[in-house]
Amino acid sequence: MNDVIVAGGGPAGSAAALLLARAGVDVRIVERARFPRRKVCGEYLNGGAVAALARLGVLDAVRKRAAPLQGVRLVASGAPPVVLPFSEPALACAREDLDGILLDAALAAGATLERARVEDVIVTGGRCTGLAVRGDDGALVPRAARVVLGADGAGSLVARKLGLTRGSAGRGRYAIGGHYTGFGTMDGYVEMYAGGGAYFALNPLNAERANVMVVVPRTRLARWAADVDAGVGGAAAALGDGVRSFAAATRLGQRVSIGPLEHRVRRTAVDGALLIGDAAGFLDPFTGQGVFLALTGAEHAAAAVLAVFGGAPERAAFGAYARWREVDFERRTRLARGVSLLIEAPPLARRAALRLARRPDLGARLIDALAGAVPPPRAFGIALLGRLLA
Ligand SMILES: Cc1cc2nc3c(=O)[nH]c(=O)nc-3n(C[C@H](O)[C@H](O)[C@H](O)COP(=O)(O)OP(=O)(O)OC[C@H]3O[C@@H](n4cnc5c(N)ncnc54)[C@H](O)[C@@H]3O)c2cc1C
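How each quantity is defined
- Residues numbered from 1 in each chain as written.
- Predicted model: local features only at pLDDT ≥ 70, side-chain atom pairs only at ≥ 80, totals over all residues.
- Heavy atoms only, no water.
- Domains from an automatic or database assignment.
- Contact = heavy atoms within 4.5 Å.
- Buried area = accessible area lost by both parts, 1.4 Å probe.
- Near = heavy atom within 4 Å.
- Polar contact = N/O pair within 3.5 Å; in protein donor to acceptor, adjacent residues only side chain to side chain.
- Areas by Shrake-Rupley, 256 points an atom, 1.4 Å probe, with all protein chains shown as cover.
- Helix = DSSP H or I, 4+ residues; strand = E, 2+ residues; numbered from the N terminus.
- Phe/Tyr/Trp six-rings, centres within 6.5 Å; stacked < 30°, edge-to-face > 60°.
- Buried < 20%, exposed > 50% of the residue type's maximum accessible area, 1.4 Å probe, protein only.
- Lys NZ or Arg CZ within 6 Å of the ring centre and 35° of its normal.
- Pairing = 2+ DSSP bridges.
- Axes fitted to C-alpha atoms, helices over the stretch in contact; angles between N-to-C directions.

(A) Focus on the domain arrangement of the protein. If you check the domain split of the protein, you get domain 1 (2–67 + 87–169 + 262–333), domain 2 (174–258) and domain 3 (341–389). Contact with domain 1, which involves 14 residues of that partner, is made by 15 residues of domain 2. Note on domain 1 versus domain 2: buried area summed over both sides is about 1,200 Å², and carbon and sulfur give 62% of it. Among the residues domain 1 hides against domain 2, the three largest losses belong to Arg-38, Val-40 and Phe-286. Together they make up 51% of the total.

Structure, rendered in structure tokens:
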């Protein structure tokens, strides 16, 4: 029996395992993928994520594999580009590098890794007491632990098997993309082109290679079935508005896709288990906060587990984690919904772009709120968002 078993070795699972192992806790990570593995992601690390990587002691290793980012260039269809500079350092880093560094750090700190698929949770007397996992030999085996951390991403099996998943709100979009070369000059700015319910994001990983994500509603995706590459290129060219197109771009490696981009949970803590990272709820990736939330969620969850192992009552410690996560996430969800109006309604997006161009302080506060530098309501409340869009 382990002290802690973690389902999933992405940023949330590896960061939690790293912190717990460093504190002397016996941690097992169960991860189904063989690393290095791709993860569908824009690969932008906001200021909050960079600060969390520094606290975890892995920032130097990440910097060696990453490129610095200066800010976001936001182009809402029909509006002039708005440049939003970052006030905190931000990075572009391929996920196979980032996730490998975090997992290696957790293993170096003493966590163990089992390459297997989590297929079920074990519940004994109303308490989650472990996971059932299937390894390469095909056998389903129980793994008991004092605490289970569900860090298995959006669509989390742990959340579903514990009965914590909420029904779909039906708003989920689909993301398709990959790494590309041939986009011409890239100057350290993340470029976002948005309009008509879709967006196209370009993140410069280095002078030649860019991460490209095109995010569209399901209906549009269905129309691309005959030629997905042509559909992606056409959508990007339309959104790119003459500034960017796929005309000279070549895909490097696999095309990746995922959807619907939606995962909601009712609660993030039950007796014996916590959900962290995307498993605890997924935000539309337009706002680029996912890795930040995964890392800070891991920090809060590890603190709650260490409090319990130090003698605190579990319900109090896990309840405090759940309150923090659920309140913070709800505020971020509201802000993200407001921001997604920029994607849904081009006239609003144009108005916001013009206002942001005149009021750089509003843009700076929005970026700070999304990066986690300041809690969202203080940095950028709904009233301020109203002023931007009204
Ligand atoms: C299109 C798109 C663009 C995005 N762009 C950005 C961005 O630019 N910046 C940003 O910060 N965030 C972005 N995100 C969000 C970000 O990718 C996630 O928030 C982040 O990966 C969450 O980390 P995690 O550890 O919770 O989950 P994941 O990174 O999903 O890791 C979960 C791990 O669990 C493993 N796993 C899953 N199921 C099982 C199982 N049954 N058994 C064993 N292992 C399992 C998986 O293999 C995986 O390794 C984007 C997301 C999408 C979809």
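(B) Quick look at the site of the ligand. Of all residues adjacent to the ligand, which total 35 residues, the nearest are Glu-31, Gly-42, Tyr-44, Asp-278 and Val-291. For the ligand, a nitrogen atom lies 3.2 Å from a polar atom in the backbone of Arg-32. Contact between the ligand and Gly-42: a nitrogen atom at 2.7 Å from a main-chain N or O atom of the residue. The fraction of the free accessible surface of the ligand (1,000 Å²) that becomes covered by protein chains is 94%. Within the residue set of the shell around the ligand, elements represented by two or more residues are helix 1 (11–22), strand 2 (27–31), strand 7 (117–124) and helix 8 (290–309). A total of 3 residues in the shell around the ligand trace back to one element, the largest contributor, which is helix 8.

(C) Region of interest: the environment of Leu-164. Turning to its location among the elements, Leu-164 is positioned in the loop between helix 5 (157–161) and strand 10 (165–166). For the pair Leu-164 and Ala-280, spaced 116 residues apart in the sequence, the C-alpha separation amounts to 9.2 Å.

(D) Structural view of the packing of aromatic side chains. For the coordinates displayed, the defined rule picks out 5 aromatic pairs. Aromatic pair Tyr-44 and Phe-86: ring centres 5.5 Å apart, planes at 10 degrees, arrangement stacked. One end of the pair, Tyr-44, is in strand 3 (residues 44–45); the other, Phe-86, is in strand 5 (residues 82–92), and 42 residues separate them in sequence. Ring centres 6.0 Å apart and planes at 50 degrees place the aromatic pair Tyr-321 and Trp-324 in the tilted group. Placement of the pair is Tyr-321 and Trp-324 together in helix 9 (residues 314–344), with a separation of 3 residues, close to one helical turn. For Tyr-321, a relative accessible area of 2% gives the class buried. Looking at Arg-73, its charged tip hangs above the ring of Tyr-189, at a distance of 4.9 Å from the centre.

(E) Highlighting the sheet that holds strand 12 (residues 189–195). In spatial order, the strands read 3-5-4-12-13-14-11-15; together these 8 strands make up an open sheet with mixed pairing. In this open sheet, the two edge strands, each paired with only one partner strand, are strand 3 and strand 15 (250–258). Bridge analysis of strand 3 against strand 5 gives 2 bridges, and the strand direction is antiparallel. Counterpart to Tyr-44 in the pairing with strand 5 is Ala-92. Relative to strand 12, helix 9 is tilted by about 70 degrees, and along the sheet it contacts strand 4 (67–76), strand 12 and strand 13 (198–204).

(F) Highlighting the pairing of strand 13. Of all 7 residues making up strand 13, 7 are buried, and the element is well covered by its neighbours. Burial along strand 13 is two-sided: Ala-198, Phe-200, Leu-202 and Pro-204 and Tyr-199, Ala-201 and Asn-203, pointing in opposite directions, are all buried. When strand 12 meets strand 13, the two strands line up antiparallel, connected through 5 bridges. Counterpart to Tyr-193 in the pairing with strand 13 is Phe-200. Counting the residues that bridge the hairpin from strand 12 to strand 13 gives 2 residues, and of these Gly-196 lies at a positive phi of roughly 60 degrees. Note that strand 13 and strand 14 (residues 209–216) share 6 bridges and pair antiparallel. Within strand 14, the residue paired with Tyr-199 across the bridge is Val-215. Between strand 13 and strand 14, which follow one another and run antiparallel, lie 4 residues.

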